[in-house]
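Analysis of the macromolecular model
Given next are the chains, with one letter for each unit.
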Amino acid sequence: MDHKQCLKEKIKDLPEKPGVYLMQDSLGNIIYVGKAKNLKNRVSQYFYKHKHRDPKVEEMILRIADLEYRIVDTELDALLEECRIIKEIRPHYNRQMKNDQNYVYIKIPNANFPKIEIVQVREEDGGVYYGPFNSRHRVETGVECLNDTFLIRKCSTPGRGKRGDGCLYRQLGTCVGVCTGKVSPEEYRDRLKAVCQVIETRDKEMMKEISGRLARAAEDLHFEEAARYREYLLGLRYIQGRQKLLNRTLRHNSLLAFEFLDKEKKIVKMFLIKGNTVLMSRIIPLRDLPQGDSTQAKPHEELKQFLKEIPKALADKQGCSRQLTQSEVDEAQILDSYLRKDRVISIRVTQKALKQGEFVEDMLKRIGNK
């Protein structure tokens, strides 16, 4: 039996469970790592014919000679395990298929009349940085919108007083006209503050304004203009969404998340999450939990023991640095996406709750009510 036939037989026997799969070439090298909520369904898709499949995927499939897989408890376990293995092994096709744009930052330099810059490296130079972001295109359109809305300087140098009517951008109405010498540093700083408020989602009026312009342009059949405003909105929403995620991660909030592993809801997988890190996880069989003021139900001792370990686990975990690495951003994105799923239940663990003498009992009631 050749290796292709062996591979087909192995795919038939794949379990319908969450896990990661590691594709290997004829020399035994791992060339791709993927995750799956259902291993059998996901891996089988590679060997169906698709008319519009990416050529890189087709190339990889031709090189697959064998595969191995690892079963895990939940989709989150699969996502985290995939992330860990890829960072450790760096398989060829994971690098090939990933967006080849590097992470970028939005930078507002420490200067009198700075332009908003898009840079690939964050430095300790006194500038204000946002990011990192992994979609350069969305960042570029978002920054273009901010520049046009707040008339941020576009000319190459802030030379002042050269011409009374200013540069071409000033004459087109897309720049405040620093080059005229009539704009004070204080006025310009106010414009930059407004930019920061939009990025940090503290100013929601600008998004409403852009949405209104989009609607009016579409109503007037100005489709090119409407398309531009649509791109502006997508760019701004991307920047704001990613920045909110990064801010939540930097605050290293603590969450207790859980997902039922069976239809009867008798077995649960618990995760203790802080910032972008899973500190503890455990499969726990559940008995009846107290609800409201009920004290009659007696929860399983394994759950109580897990809850008792939470304060120490959180105390031992150091806070995130003020500068997230690209790897930390990837992990934070994985956790954020997972926690948004309907089947996942999460409970905030606050410092106030941790200091209370009845922390375990309080958490049991909150879990029961969920």
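Coordinates for the structure precede this section.
Every value quoted in this text rests on a predicted model; they were computed, and no experiment measured them.

1. A look at the packing of aromatic side chains
Overall, the coordinates contain nine aromatic pairs when judged by the stated rule. Between Tyr 21 and Tyr 46, the ring centres sit 5.7 Å apart and the planes meet at 70 degrees, which makes this aromatic pair edge-to-face. Placement of the pair is Tyr 21 in strand β1 (residues 19-24) and Tyr 46 in the loop between α2 (39-45) and α3 (55-63), with a sequence separation of 25 residues. Residues Tyr 21 and Tyr 46 agree in their burial class; the two are buried. Members of the aromatic cluster, joined through ring pairs, are Tyr 21, Tyr 32 and Tyr 46. For the cation-ring pair, Arg 228 lies above Tyr 229, with the distance from its terminal atom to the ring centre recorded as 5.1 Å.

2. Let's talk about the nonpolar core
If you look at the biggest cluster of nonpolar residues, it comprises 34 residues, and the most contacted ones within it are Ile 106 and Leu 146. When residues of this core are traced back to their parent elements, those giving at least two are β4 (104-108), β6 (128-133), α6 (136-150), α8 (185-199), α9 (205-219) and α10 (223-250). Excluding anything up to four places from it in sequence, Ile 106 contacts Ile 116, Glu 117, Val 128, Tyr 129, Tyr 130, Phe 133, Val 139, Val 143, Ile 199 and Ile 239. In terms of nonpolar packing, the next biggest core, distinct from the first, is built from 24 residues, Met 270, Ile 284, Leu 303 and Met 363 among them.

3. So, the sheet that holds strand β3 (residues 66-71)
Think of a sheet as strands paired side by side through backbone hydrogen bonds, with each pair either parallel or antiparallel. Spatial strand order, β2-β1-β3: three strands in an open sheet with antiparallel pairing. Here the strands that pair on one side only, and so sit at the sheet edges, are β2 (30-36) and β3. Strand-to-strand twist in this sheet, taken as the mean axis angle between neighbours without regard to direction, amounts to 20 degrees. Two strands pair when backbone bridges link them, and β1 and β2 are joined in this way by six bridges, in the antiparallel orientation. Among the inter-strand pairings, Leu 22 is bridged to a residue of β2, identified as Val 33. Against the sheet, helix α4 (residues 75-89) engages β1, β2 and β3, with an angle of about 165 degrees to β2.

4. Focus: unusual backbone geometry
With omega at 15 degrees, the peptide bond leading from Gly 131 into Pro 132 counts as cis. Along the chain, the position of Pro 132 falls in strand β6. Unusually for a residue other than glycine, Thr 201 sits at a positive phi of about 60 degrees. For Thr 201, the location among the structural elements is in the loop between α8 and α9.

5. Comments concerning the pattern of salt bridges
Taken as a whole, this structure holds 26 salt bridges when the rule is applied. A salt bridge links Arg 84 to Glu 81, with the nearest nitrogen and oxygen atoms 2.8 Å apart. In this pair, Arg 84 and Glu 81 are both assigned in helix α4, three residues apart and thus about one turn of the helix distant. Look at Glu 81 and you get buried, because its relative accessible area is 19%. Two residues, Glu 187 and Arg 191, come together in a salt bridge whose shortest N-O distance is 3.5 Å. Taken together, the positions of Glu 187 and Arg 191, both in helix α8 and four residues apart, correspond to about one turn of that helix. Exposure remark for Glu 187: the relative accessible area of 32% places this residue in the partly exposed category. The network of salt bridges with shared partners includes Glu 68, Arg 70, Glu 81, Arg 84 and Glu 88.

Calculation rules
Residues numbered from 1 in each chain as written. Predicted model: local features only at pLDDT ≥ 70, side-chain atom pairs only at ≥ 80, totals over all residues. Heavy atoms only, no water. Phe/Tyr/Trp six-rings, centres within 6.5 Å; stacked < 30°, edge-to-face > 60°. Helix = DSSP H or I, 4+ residues; strand = E, 2+ residues; numbered from the N terminus. Buried < 20%, exposed > 50% of the residue type's maximum accessible area, 1.4 Å probe, protein only. Lys NZ or Arg CZ within 6 Å of the ring centre and 35° of its normal. Core = buried A, V, L, I, M, F, W, Y, C linked by side-chain atoms within 4.5 Å. Contact = heavy atoms within 4.5 Å. Pairing = 2+ DSSP bridges. Axes fitted to C-alpha atoms, helices over the stretch in contact; angles between N-to-C directions. Salt bridge = Lys/Arg side-chain N within 4 Å of Asp/Glu carboxyl O.

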